[in-house]
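Spelled out, the chains give:
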Amino acid sequence: MEKFLRSWRQDALNRGQHESAIYIGDKVLALTNSDADAFWLAQVHFSNNNYTRALALLSRKDLISRSTSCRYLAAHCYIKQNKFDQALSILGDHNPTHLISTSNSRRKLQHLNGSHVTLRNGKTASSRSDRIDRSEEREREDANNIRFEAAMCYLRGLCYAKQNAFDRARDCYKDAVRIDVQCFEAFDQLMKNSLMSPAEELDFLESLDFDSIAADPSVAQEAAHFTKMLYTTRLSKYSSPLTLSDATETLSTHYNLADNPDILLSRAEALYTQCRFVEALELTSSILSSSDSSVLASQNHQGQNLGHSPSVYPLHLACLYETGATNSLFLLAHTLADNAPEESYSYLAIGTYYLSVSKIAEARRFFSKASLLDPHSAPAWIGFAHTFAAEGEHDQAIAAYSTAARLFQGSHLPQLFLGMQHLALNNMSLAHEYLCAAYAMSSGSPSGSLPIPTDPSKGLPPLGGDPLVLNEMGVVLYHQNHLEAAVELFRQSLALAASLQCDPGAWVATRANLGHALRRLGQFDASLLEFDECLRVSAGGAGSGYGTAVGGGSGVVATSSGVGGYEDRGLIGSLHTSRGLVLLELGRTMDAVTALHEAVRVLGASGGDAAGGAGVAGTLLSRALEIWALEGRGKPEIIERSTSGKGKGKSAVRTRDGGLNRVAEMSRRRRIETQYAGEEWTDDVFDAESTIPGQSNTLEERVEMELDEEADGLLDRALTRIRPRATRRHGGGQAMEVESLEDPPGSRNRGSRRSPTRRVETRGQHGDVRWQ
């Protein structure tokens, strides 16, 4: 009868008929009165959310103190009821660390269990059969007890985490995995909550005993290798990119897991850390659009965004935000709010949408709601802090980032953002400290060390970690006037980004920072090359545009001018402004006027906060025109069309003695700098009559005429390049070229020359140095 009732009980449970299983299970327990049947019935109560009934059943006959499995289940019931003190009273405070060293003995027993003695007639030797059976039964009991002990370590970690004792929670999780390497829940908590740094994660993985996995001896080695590769895909993407890519590739090809959502998510996370947002978005969209993982996909179009693992939504939302797909964010946020209003990632999606459309107050409210529903959600805390940073509320942002740093001790992002906030507050020492800590976490340097020196003579750290940390550290050194060290850090950041195969367009700001540091060092030619490269990448020469369909097949196309929206943030205009300043330093006044004019056009058309930079560019443009007009005063005679000698076929603009007198030029420059030293520059139009007394207003007409001639010369040179044969055929008629008035080499020290601008003040999103 017991056998019949147990079969009936199990069949009802398999069909999800919990009431039938409970009714029949109670009759089985009444007949047998065994601990195993009592534990089975308590498990059914637990699965049916009847935690009080399960605890009442386990309290009978003192099952909690006599059985490890019953003690585990009772503690789990208390945790589900948020009674963490009662759960800890059952679990105890200490982990059974002595079980960690028994892995070798477990492997020996496992080997003995598979080595049976068989006679010729196919029967097992009778002299050893009873002993082997008892050994197998005892080994199974020991294995079950060991697994329940590991599971109780995991429950201790949950209790400590709920009490904000994260150090003790981390130790409990680590002991749980060391005791039973198949306790994935504990390993998942370690990785998901970033309780260890990337280097610590890799060391911990190597210390695990995967050979202790209980499996058939013929496949035990392969099972151990497979489990290790699965765990490797969960590591931080900054720890060992090569190891991670090898594990992902093996699982995708050899085990046909290329379309598995967890493997796709791991690849998308790696692409996101490389700033390859479009590729990462394609992978996350493919996960959300997979029909086999969503039951609602056949019912409506919006169902494709439901029924997935919660871990995919934060990354998908981040990719949508980075690519500017606001329409897809709007649709996804509404879908999640309608179908999963109790989940934290639904409010995270709404907050991300409001942040993308610059509604900061609404975004903060929904990020706060997400953090209340899931206090251990790192994206919710980071987004909540971002809203304060977006409004310039640095003190509140620092408080929110500090909370995130306390909750997620192994992640370098809160430390990085804290360093950026202190940098904005001009607290260079604190910014240096936080950024060094962020670099140590991301690169695997020893904790507490300062791997980035302020003295360039001491050398620089090896490549590794997050390139953005190196960029921000370079900005700190730039403001501290450690220009050579800043240049090396900017170059190292670009080299690291290239080694990680990052999108070049995402690091335009870092290259611009390098150009500014070179400019202040007096290396104007190298600085100009960096700014030219920035403009080339920003125009699409090496960056990837965002013109692909995003949003999980929703058909929304996200387009962006420039690279990653940098056009909207004024970076393109800032690059033209910086280029014009360097050209002024090189004495190429006409080219500087052209660059600054383009800067005014771009910044004025961009709108928003970026339009404020047009005033600075306009001021520089007016000063460049003044310098150009003063240079024109030294050229009273213009040889308009010389068809003989070296100038054959061209128009050479020269002074009477063949060039500007360098001493007179230097004195004029000093007079200009002295005249405007200590003044606040405005956008007033240059008054020729007040500046050049004794002359009529024909100087402005002369300037306009010379500008027209310069424009005609530029056009003729372009046409000459296109039609070289036509130019040679017409002889020396129409092509004009204005000789540049550059200083001869070695005429003076350009590094000691003061620029006609004020100082470099702030930086952009990636720490790009802006003009104030």
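Residues numbered from 1 in each chain as written. Predicted model: local features only at pLDDT ≥ 70, side-chain atom pairs only at ≥ 80, totals over all residues. Heavy atoms only, no water.

As recorded in an unreviewed UniProt entry, the protein chain goes by the name 20S cyclosome subunit (Cut9/Cdc16), putative, listed as coming from Byssochlamys spectabilis.

Caption draft 1: Main features of the pattern of salt bridges. Enumeration according to the criterion identifies 20 salt bridges in this entry. For Lys-192, the salt bridge goes to Asp-188, with nearest N and O atoms at 3.8 Å. Residue Lys-192 and its partner Asp-188 are located together in helix H11 (residues 184–192), separated by 4 residues, close to a single helical turn. Taking relative accessible area as the criterion, Asp-188 reaches 15% and is therefore assigned buried. Note that Lys-228 and Glu-206 form a salt bridge whose closest N and O atoms lie 3.3 Å from each other. A residue pair is termed long-range when its members are at least 10 positions apart, and Lys-228 in helix H13 (residues 220–232) and Glu-206 in helix H12 (residues 198–207) qualify at 22 residues. Residue class for Lys-228 comes out partly exposed when judged on its relative accessible area of 29%. Three or more residues joined by partner-sharing salt bridges are found here, namely Arg-6, Arg-9 and Asp-37. (Salt bridge = Lys/Arg side-chain N within 4 Å of Asp/Glu carboxyl O. Helix = DSSP H or I, 4+ residues; strand = E, 2+ residues; numbered from the N terminus. Buried < 20%, exposed > 50% of the residue type's maximum accessible area, 1.4 Å probe, protein only.)

Caption draft 2: Structural detail: the packing of helix H27 (residues 508–520) against helix H28 (residues 524–538). Where H27 contacts H28, the two axes come as close as 8 Å, and the packing angle between them is 165°. One finds that H27 runs roughly antiparallel with respect to H28. When you trace H27 past H28, the crossing you get is left-handed. The residues of H28 that touch H27, namely those facing Val-508, Arg-511, Ala-512, Leu-514, Gly-515, His-516, Leu-518 and Arg-519, are Phe-524, Ala-526, Ser-527, Glu-530, Phe-531, Glu-533, Cys-534, Val-537 and Ser-538. When grouped by side-chain class, the residues that make up the contact of H27 with H28 number 9 nonpolar, 4 polar and 4 charged. (Axes fitted to C-alpha atoms, helices over the stretch in contact; angles between N-to-C directions. Parallel < 35°, antiparallel > 145°, perpendicular 65-115°, else oblique. Left-handed = near helix turned anticlockwise from the far one by under 90°. Contact = heavy atoms within 4.5 Å. Nonpolar A, V, L, I, M, F, W, Y, C, P; charged D, E, K, R; others polar.)

Caption draft 3: Summary view of a nonpolar patch on the surface. Side chains of Met-1, Phe-4, Trp-8 and Leu-31 sit close together on the surface and give an oily, nonpolar patch of about 470 Å² of accessible area. With respect to the helices, strands and loops of the structure, Phe-4 is situated in helix H1 (residues 2–14). (Patch = residues over 30% accessible without salt bridge, like charges linked within 9 Å, V, L, I, M, F, W, Y side chains within 5 Å. Areas by Shrake-Rupley, 256 points an atom, 1.4 Å probe, with all protein chains shown as cover.)

Caption draft 4: The arrangement of the UniProt feature "repeat: TPR" (unreviewed entry) in the protein chain in detail. Here, the residues flagged by UniProt with the feature "repeat: TPR" (unreviewed entry) are residues 344–377. Segment residues 344–377 splits into 79% helix and 0% strand. End C-alpha atoms: 8 Å apart. (UniProt positions renumbered as here; feature names shortened; annotations may be inferred.)

Caption draft 5: Region of interest: the nonpolar core. The biggest cluster of nonpolar side chains holds 85 residues, and the ones touching the most others in it are Leu-336, Tyr-401, Leu-416 and Trp-507. It is helix H26 (residues 483–499) that provides the largest number of residues to this core, a total of 9 residues. Excluding anything up to four places from it in sequence, Trp-507 contacts Cys-275, Pro-467, Leu-468, Ser-493, Leu-494, Ala-497 and Cys-502. Grouped together as the second largest cluster of nonpolar side chains are 64 residues, Trp-40, Tyr-160, Ala-176 and Met-196 included. (Core = buried A, V, L, I, M, F, W, Y, C linked by side-chain atoms within 4.5 Å.)

Caption draft 6: Up close: the side chain of Arg-364. Structurally, Arg-364 can be placed in helix H20 (residues 360–373). Each residue touching Arg-364, except ones within four places of it in the same chain, is listed here: Phe-384, Thr-387, Phe-388 and Glu-391.

Caption draft 7: Region of the structure containing the packing of aromatic side chains. If you walk through the whole model with that rule in mind, you get 18 aromatic pairs. Residues Tyr-154 and Tyr-173 carry aromatic rings whose centres are separated by 6.2 Å and whose planes lie at 40° to one another, so their mutual orientation is tilted. Separated by 19 residues along the polypeptide, Tyr-154 in helix H9 (residues 126–162) and Tyr-173 in helix H10 (residues 166–179) bring together distant segments of the chain. Residues Phe-384 and Phe-388 carry aromatic rings whose centres are separated by 5.1 Å and whose planes lie at 90° to one another, so their mutual orientation is edge-to-face. A residue pair is termed a helical-turn pair when its members lie 3 or 4 positions apart in one helix, as Phe-384 and Phe-388 do in helix H21 (residues 378–390) at 4 residues. The same class applies to Phe-384 and to Phe-388, which are both buried. An aromatic cluster of three or more residues is present, and its members are Phe-330, Tyr-347, Tyr-353, Tyr-354 and Phe-366. The positively charged end of Arg-9 is found above the aromatic ring belonging to Trp-40, 3.8 Å away from the centroid. We note Lys-27 situated over the ring of Tyr-23; from NZ or CZ to the ring centre the distance is 3.6 Å. (Phe/Tyr/Trp six-rings, centres within 6.5 Å; stacked < 30°, edge-to-face > 60°. Lys NZ or Arg CZ within 6 Å of the ring centre and 35° of its normal.)

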